Amino acid sequence: QNVFQGRSVLAEKDFTAEELEYLIDFGLHLKDLKKNNIPHKYLEGKNIALLFEKSSTRTRAAFVTASHDLGAHPDFLGPSDIHLGKKETTSDTGKVLGSMFDGIEFRGFKQSDAEILARDSGVPVWNGLTDEWHPTQMLADFMTVKENFGHLKGLTLTFMGDGRNNVANSLLVTGAILGVNIHIVSPKHLFPHDDIQKYANDFAKKSGAKLLITDDIAEGMKGSNIVYTDVWVSMGEDNWSERIKELKPYQVNMAAMKATGTPDDQLIFMHCLPAFHNADTKVGEDTKEKYGLSEMEVTDEVFNSKYARQFEEAENRMHSIKAMMAATLGNLFIPRV
Ligand code: CP
Ligand code: NVA
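Residues numbered from 1 in each chain as written. Chains lettered and ligands numbered in written order. Predicted model: local features only at pLDDT ≥ 70, side-chain atom pairs only at ≥ 80, totals over all residues.

**Some thoughts on the overall build of the protein**
Alright, step 1. A tally of helices and strands in the protein yields 12 helices and nine strands.
Alright, step 2. Here the C-alpha atoms of the protein give a radius of gyration of 19 Å, agreeing with the 20 Å that 2.2 N^0.38 yields for 337 residues.
Alright, step 3. Reported as C-alpha extents along the three principal axes, the dimensions of the protein are approximately 50 × 45 × 40 Å.
Alright, step 4. Taking all 337 residues of the protein together, the buried fraction comes to 49%. (Helix = DSSP H or I, 4+ residues; strand = E, 2+ residues; numbered from the N terminus. Rg over C-alpha atoms; globule rule 2.2 N^0.38 Å. Buried ≥ 20, exposed ≤ 12 C-beta atoms within 10 Å, placed from the backbone.)

**So, the sheet that holds strand E6 (residues 181-185)**
Note: strands within a sheet are paired through backbone hydrogen bonds, in either parallel or antiparallel orientation.
Alright, step 1. As summarised here, the arrangement of the five strands in space is E7-E6-E5-E8-E9, forming an open sheet in which the pairing is parallel. Lying at the two open borders of the sheet, with one neighbouring strand each, are strand E7 (211-214) and strand E9 (268-271). Here the strands of the sheet are splayed against their neighbours by 20° on average, with no regard to which way each runs. (Pairing = 2+ DSSP bridges. Axes fitted to C-alpha atoms, helices over the stretch in contact; angles between N-to-C directions.)

**Quick notes on helix H7 (residues 194-207)**
Structural remark: α-helix, 3.6 residues per turn; residues separated by three or four positions point the same way.
Alright, step 1. Across its 14 residues, H7 extends 20 Å between first and last C-alpha, which sits within 8% of the 20 Å expected from 1.5 Å per residue.
Alright, step 2. Residues Ile196, Ala200, Phe203 and Ala204 constitute the buried set of H7. When H7 is viewed along its axis, its buried side chains cluster within an angular range of 105° and face the same direction. Every exposed residue of H7 that faces more than 90 degrees away from the buried side is listed here: Asp194, Asp195, Lys198, Lys205 and Lys206.
Alright, step 3. Check the buried side of H7 and you find it contacts helix H6 (166-178) and E7.
Alright, step 4. Just past H7, the residue glycine 208 takes up positive phi, approximately 85°. (Expected span 1.5 Å × (residues − 1). Arc of directions from axis to C-beta. Contact = placed C-beta atoms within 7 Å.)

**Some details on the sheet that holds strand E2 (residues 73-77)**
Alright, step 1. Spatially, four strands are ordered E2-E1-E3-E4 in an open sheet, and the strand pairing comes out parallel. Edge positions in the sheet fall to E2 and strand E4 (125-127), since each has one partner strand and no second. If you compare each strand with its neighbour and ignore which way they point, the axes differ by 20° on average.

**Digging into the site of ligand 1**
Alright, step 1. Near ligand 1 the following residues occur: Ser56, Thr57, Arg58, Thr59, Leu129, Gln137, Cys272, Leu273 and Pro274.
Alright, step 2. Along the lines of polarity and charge, the residues of the shell around ligand 1 split into four nonpolar, four polar and one charged. (Near = placed C-beta within 6 Å. Nonpolar A, V, L, I, M, F, W, Y, C, P; charged D, E, K, R; others polar.)

**Observations concerning the site of ligand 2**
Alright, step 1. In the vicinity of ligand 2, the residues found are Leu129, Asn165, Asn166, Val167, Asp230, Val231, Ser234, Met235 and Cys272.
Alright, step 2. Tallied by class, the residues present in the shell around ligand 2 amount to five nonpolar, three polar and one charged.

**Topic: the pairing of strand E5 (residues 156-160)**
Alright, step 1. A large share of E5 lies buried, amounting to five of its five residues.
Alright, step 2. Taking every second residue as pointing to the same face, both faces of E5 are buried, with Thr156, Thr158 and Met160 on one and Leu157 and Phe159 on the other.
Alright, step 3. With five bridges joining them, E5 and E6 adopt parallel strand pairing. Bridging across to E6, threonine 156 finds its partner in asparagine 181.
Alright, step 4. Between the parallel elements E5 and E6, the chain passes through H6 in a crossover that is right-handed.
Alright, step 5. Examined bridge by bridge, E5 and strand E8 (residues 226-229) share three bridges and lie parallel to one another. Paired with threonine 158 across the strands is valine 227, a residue of E8. (Right-handed = clockwise from strand over helix to strand, strands pointing away.)

**Examining helix H9 (residues 240-247)**
Alright, step 1. Taken residue by residue, H9 has Arg243, Ile244 and Leu247 as its buried positions. The buried residues of H9 occupy one face: seen down the axis, they fall within an arc of 100°. Exposed positions of H9 whose direction lies more than 90 degrees from the buried face are Ser241, Glu242 and Lys245.

**So, the packing of helix H1 (residues 17-35) against helix H5 (residues 135-149)**
Geometry of a packed helix pair, given as the angle between the helix axes and the separation of the axes.
Alright, step 1. At a minimum axis separation of 9 Å, H1 and H5 run at an interaxial angle of 70°. Here H5 runs roughly perpendicular to H1, going by the angle between their axes. The two elements H1 and H5 meet at a crossing, and its hand is right-handed. Mapping the contact onto sequence places Leu23, Ile24, Gly27 and Leu28 in H1 and Leu139, Phe142, Met143, Lys146 and Glu147 in H5. (Parallel < 35°, antiparallel > 145°, perpendicular 65-115°, else oblique. Left-handed = near helix turned anticlockwise from the far one by under 90°.)

**Description of the UniProt feature "binding site: carbamoyl phosphate" (unreviewed entry) in the protein**
Alright, step 1. Those places that UniProt annotates as "binding site: carbamoyl phosphate" (unreviewed entry) correspond, in this numbering, to Ser56, Thr57, Arg58, Thr59, Arg107, His134, Pro135, Thr136, Gln137, Cys272, Leu273 and Arg317.
Alright, step 2. On the secondary structure map, threonine 59 appears in helix H2 (residues 58-69).
Alright, step 3. With 25 C-beta atoms packed within 10 Å, threonine 59 lands in the buried category.
Alright, step 4. Beyond its immediate stretch of four places on either side in the chain, threonine 59 contacts Arg107, Gly128, Leu129, Thr136 and Arg317.
Alright, step 5. You can see cysteine 272 is positioned in the loop between E9 and helix H11 (300-303).
Alright, step 6. Taking the C-beta count within 10 Å as the criterion, cysteine 272 has 25 such neighbours and is therefore assigned buried.
Alright, step 7. For cysteine 272, the residues in contact, after removing those within four places along its chain, are Gln137, Val167 and Asp230. (UniProt positions renumbered as here; feature names shortened; annotations may be inferred.)

**Some remarks on the confidence of the model for the protein**
Alright, step 1. Looking at the protein, pLDDT values average 95 and 97% of them are 70 or higher.
Alright, step 2. With a pTM of 0.97, the predicted complex shows an ipTM of 0.99. (pLDDT = per-residue confidence, 0-100.)

Here is the structure:
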């Protein structure tokens, strides 16, 4: 019995450790097929809608290329292309798209919109990022971790930065489900919200993951295998000056990497990207001069160091999204899980 068939992927908390590990392993398998030019057209003839309220490089590219490799037809529906949220309800949009498409990717602001689409479209909806969660990122991230370390359980991942953004929420809860110890290091007022902490603590009790939320960099870094960061200002926010002031001490630099005390062969750096790591990255139309800072959440030195895995991680978005789409829409025989 395929426990994934017809299911939406809206948030990690809806999946068991076994299910998430299955998708991660399936992603690794599909990566192998791709590298060896072995076809894997599990979604021949399916139509896939790609709904984007916010911009995207990786998620869009991953869904498009994954769809093509699986034999499906993706169609990009951007914010100015369709009526989403304007002129008609999200529910009505969902009903219409569901009558024509076999699966829907949604990237937007509100998690509730992803839920409405899943409820009313009648087809699997895949959350390509909301203000709350980024589940397809997690599949790629933990796939990357498994690729590097050979296992997941017992490793320690430290996220340093905006501790209440979508990526931090997702890392905390997914790590807790999978038995990966998660440290969140941020100023106190950016600690994850209580409901997110509650989900994570409940899962951690079951998996044995150790969770730590702290504003103390030395304490948070100690013993980490994976140092992870993300932009200081997420899509939909615009509080640059404030965030730069608050988060400057929480930059991932070589001193932070060294503070892990972890041997080099057991330590990696990850970033979901896009990243502000040098003067070439713009803050909207303003460059860093306005803020007097050219490197933000990560220094160029760390970004280009031997620890860096962010581009493997980005590539893995495609392989893992492929696994998720094939599992939920491919009528595959999946006996395990
Ligand atoms: N990591 C990620 O979701 O990147 P995009 O915003 O480019 O899709
Ligand atoms: N936290 C970031 C993630 C981008 C992939 C954002 O929401 O903008």
